[in-house]
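Coordinate analysis (summary)
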Amino acid sequence: MADQDSNYCSPPPVWKAARPPSGDLEALKARVHELEEQVRDYEALLSELPDLFERKFQQRLEPLLERYRLLAQAQQLRAAPPEAEIVPLPLRADRQGQRNNIAA
């Protein structure tokens, strides 16, 4: 075994720089800016989400409402008394060739 000097101290460690090189720093700042913009875009979309859901719900609800309205209208017509219907009166010709209404 080689003799080791008891007074020997290893050199102090050389630490990496606390800051990344300037090119990396600028790239990181640009990336942070991009991510902040993306977060703002997402927040804007989230704020529009309730209105979007309401519009989509209304679009899907409209055909059902129209169908129920037509069904209710048809049911009212069926329930109406028959004398409420308009029936055209037949016309007849009298002896002079003029046409008169029977009710006249």
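Treat the numbers as computed from the prediction; the structure is a model and nothing was measured.

1. Considering the overall build of the protein
- Scanning the protein from N- to C-terminus turns up one helix and two strands.
- In the protein, the succession of helices and strands from N to C terminus is α-β-β.
- By the burial criterion, 0% of the 104 residues in the protein qualify as buried.

2. What to know about the pattern of salt bridges
- A complete count under the given rule lists two salt bridges for this structure.
- Between Arg69 and Glu66 there is a salt bridge, and its shortest N-O distance comes to 2.5 Å. Placement of both Arg69 and Glu66 in helix α1 (residues 22-79) is noted, with a separation of three residues, approximately one turn of the helix.
- Classification of Glu66 as partly exposed rests on a relative accessible area of 36%.

3. Considerations on the confidence of the model for the protein
- Across the protein, pLDDT averages 79, with 66% of residues at or above 70.
- Mean pLDDT values for the elements of the protein range from 52 in strand β2 (residues 99-101) up to 92 in α1.

Rules used in this analysis
- Every chain's residues receive numbers from 1 upward, in the order its sequence appears when written.
- In view of the model being predicted, local features appear only for residues whose pLDDT reaches at least 70, and side-chain atom pairs are presented and counted only at 80 or more, with totals across whole chains, interfaces and linings using the full set of residues.
- Water and hydrogen atoms were dropped before computing side-chain values, which therefore reflect all heavy atoms in the structure.
- Numbering of helices and strands starts at the N terminus; helices are DSSP runs of H or I of at least 4 residues and strands are runs of E of at least 2.
- Accessibility here uses a 1.4 Å probe with only protein chains present; expressed as a share of the type maximum, an area under 20% marks a residue as buried, one over 50% as exposed, and anything in between as partly exposed.
- The term salt bridge refers to a side-chain nitrogen of Lys or Arg lying within 4 Å of a carboxyl oxygen of Asp or Glu.
- A residue's pLDDT is the predictor's confidence in that residue, given on a scale from 0 to 100.

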